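# Topology and contacts: notes
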Amino acid sequence: MLVVYHPPRVRNKPEATQLRATVHVIRYEAQRVVSVELRPQPGSKFPDFDAGSHIDVYLPNGMVRSYSLCNSTDDKNLYVIGVLNVEAGRGGSRYIHEQLRVGAKIEISKPRNNFPLHEGAVHTVLIAGGVGITPILSMARRLRALGQSVELLYCARSRVEAAFVQDIEALGIAVKWHFNDEHGERVDLVQFLATRRRDAHFYACGPTQMLDDFERHCGELGLAHAHVERFAARYAPAETTKPYRVELGRSGRMLDVTPGKTLLQTLLDAGIDVPHGCKQGVCGACKTRVLSGEPDHRDTVLNASEREGNAVMTVCVSGCKGELLALDL
Ligand code: FES
């Protein structure tokens, strides 16, 4: 997965305060799923976005959550997110479902894209599980608008839990629906993937198990163009058990990361205004350039070559394998 790296800046205000939004519409999309339409507050504008992008939403209760944009990239000054109410979650989605109201004024980040779409592919296979349909839907809209060859596999536990069904049907693309309560517990992903053309691009977003299976099967089948977007952490954060030092390259300042603390928390405690969002290694907001040292990568954002290159790291969940890291901060 290609990730475009933008060097972080030290700011007085976090990146998320750059866009001021109003909640215009909250719509029931499926059982436990609502969509939220956001428009700019008077006097401001939203930048355009690419399919696969997400935004960080700064909720009035202090929580920050990342959500993929599911609307058309042709829309101007409109962002639409889909939110599953995760009852056992950390409370962000529950807040949106139970307390966020039309007319609320909230802050959001500019769109960021860790899941870019290759628009010129000979054929594109989109695979969504549950609310993972959100970035996939934006991709489907974009490819349809371009007249590109695209198909969708959409898996949900049941029909009533499948969001955006009418929007998908209106696109007129080939769709294979898999509802667990009608078609069996798990879709046969190997059989599905094995019968697609090998030079297609494959995109998947959904639950962790589904994405793990997808990546494994694509590897076994030799499908070279496989892309995933994860919205849940796959690894525990690298809360250090042995201390290490961090050198801030722009000031020469040295910080000690002590046991039980994350690198991000150490930086924030020292007054370094590091951009961040999910704090789970999922959104990419905290990607920071590494000047020297060996990071202990724990995120799901960096691609394989970025991990091996060690030139960039996510400071929210990743740590240090050695005794010293130097960062471009
Ligand atoms: S804050 Fe989201 S990846 Fe670090």
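Residues numbered from 1 in each chain as written. Predicted model: local features only at pLDDT ≥ 70, side-chain atom pairs only at ≥ 80, totals over all residues.

### Focus: helix 2 (residues 133-146)
The end-to-end C-alpha separation of helix 2 is 20 Å, in line with the 20 Å expected for 14 residues at 1.5 Å each. Counting buried positions along helix 2 gives 11 out of 14 residues, so the element sits mostly inside the fold. Listing the buried residues of helix 2 in full gives Ile133, Thr134, Pro135, Ile136, Leu137, Ser138, Met139, Ala140, Arg141, Arg142 and Leu143. Where helix 2 ends, the next residue or the one after it, Gly147, has phi of about 75°, a positive value. (Helix = DSSP H or I, 4+ residues; strand = E, 2+ residues; numbered from the N terminus. Expected span 1.5 Å × (residues − 1). Buried ≥ 20, exposed ≤ 12 C-beta atoms within 10 Å, placed from the backbone.)

### Things to note about the sheet that holds strand 12 (residues 244-248)
Whenever strands of a sheet pair, they do so through backbone hydrogen bonds, lying parallel or antiparallel. With respect to topology, five strands assemble into an open sheet ordered 13-12-18-14-16, the strand pairing being mixed. The two strands at the open ends of the sheet, each matched to only one other strand, are strand 13 (254-257) and strand 16 (312-314). Sheet twist, expressed as the average angle between the axes of neighbouring strands with direction ignored, equals 40°. Relative to strand 18 (residues 324-327), strand 12 is paired through four bridges, and the arrangement is parallel. When the bridges of strand 18 are listed, Glu247 appears paired with Ala326. (Pairing = 2+ DSSP bridges. Axes fitted to C-alpha atoms, helices over the stretch in contact; angles between N-to-C directions.)

### A closer look at the domain arrangement of the chain
For the chain, the domain assignment lists domain 1 (15-108), domain 2 (124-229) and domain 3 (244-327). Relative placement of domain 1 and domain 3: their C-alpha centres are 28 Å apart. In this assembly, five residues from domain 1 lie in contact with six residues from domain 3. Contributing elements (two or more residues each) for the side of domain 1 that touches domain 3: strand 3 (54-58) and strand 4 (64-68). In terms of residue class, the side of domain 1 that touches domain 3 is made up of one nonpolar, two polar and two charged. (Domains from an automatic or database assignment. Contact = placed C-beta atoms within 7 Å. Nonpolar A, V, L, I, M, F, W, Y, C, P; charged D, E, K, R; others polar.)

### Section: the environment of Ala30
Within the secondary structure, Ala30 is located in strand 1 (residues 19-30). Taking the C-beta count within 10 Å as the criterion, Ala30 has 21 such neighbours and is therefore assigned buried. When sequence neighbours within four positions are dropped, the list of residues in contact with Ala30 reads Val160, Glu161, Ala162 and Ala163.

### Looking at the nonpolar core
With 84 residues, the main nonpolar core has Leu126, Ile127, Ala128, Ile136 and Tyr154 as its most contacted residues. Apart from the residues lying within four places of it in its own chain, the contact partners of Tyr154 are Ala128, Ile133, Ala162, Ile168, Val175 and Trp177. (Core = buried A, V, L, I, M, F, W, Y, C linked by C-beta atoms within 7 Å.)

### Points about the sheet that holds strand 3
On the basis of which strands lie adjacent, the open sheet formed by six strands has the order 4-3-6-1-2-5 and antiparallel pairing. The sheet terminates laterally at strand 4 and strand 5 (79-84), the two strands that pair on one side only. With strand direction ignored, the average angle separating the axes of adjacent strands in the sheet is 40°. By the bridge criterion, eight bridges tie strand 1 to strand 2 (residues 33-40) in an arrangement that is antiparallel. In the sheet register, Ile26 faces strand 2, and the bridge partner there is Val36.

### Some thoughts on the pairing of strand 14 (residues 287-292)
In this sheet, strand 16 lies alongside strand 14 in antiparallel orientation, the contact comprising three bridges. The residue bridging Thr288 from the neighbouring strand is Met313, located in strand 16. Looking at chain direction, strand 14 and strand 18 are connected through two bridges and run antiparallel. Across the sheet, residue Val290 finds its bridge partner in strand 18, namely Leu327.

### Here we look at the environment of Tyr67
Examined against the element boundaries, Tyr67 turns out to sit in strand 4. For Tyr67, a count of 26 C-beta atoms within 10 Å puts it in the buried group. In sequence terms Tyr67 and Arg230 are 163 residues apart; their C-alpha atoms lie 11 Å from each other.

### Focus on helix 6 (residues 208-221)
An α-helix turns once per 3.6 residues; consequently, residues spaced three or four apart project the same way. The end-to-end C-alpha distance of helix 6, which contains 14 residues, comes to 20 Å, matching closely the 20 Å that a straight helix rising 1.5 Å per residue would cover. Contacts from the buried residues of helix 6 go to strand 7 (124-129), helix 5 (189-194), strand 10 (201-205) and strand 11 (226-229).

### A short note on unusual backbone geometry
With a phi angle near 70°, Arg32 is a residue other than glycine that sits in the positive phi range. Topologically, Arg32 is positioned in the loop between strand 1 and strand 2. At Phe164, a position not held by glycine, the phi torsion is positive, near 65°. When you line up the elements, Phe164 lands in the loop between strand 8 (150-156) and helix 3 (165-171).

### Considerations on the pairing of strand 13
By the bridge criterion, four bridges tie strand 12 to strand 13 in an arrangement that is antiparallel. When the sheet's bridge partners are listed, Val246 is paired in strand 13 with Leu255. Turn length for the strand 12-strand 13 hairpin, with the two strands adjacent in sequence and antiparallel, is five residues, and the turn residue Gly252 shows positive phi of about 80°.

### So, the environment of Ala128
Inspection of the secondary structure assignment puts Ala128 in strand 7. Classification of Ala128 by C-beta neighbours within 10 Å gives buried; the count is 27. Spatially, the C-alpha atoms of Ala128 and Tyr154 are 4.9 Å apart, while their sequence positions differ by 26 residues. Apart from residues no more than four positions distant in its own chain, Ala128 is found in contact with Ile133, Ile136, Leu152, Tyr154, Cys155, Cys205 and Gly206.

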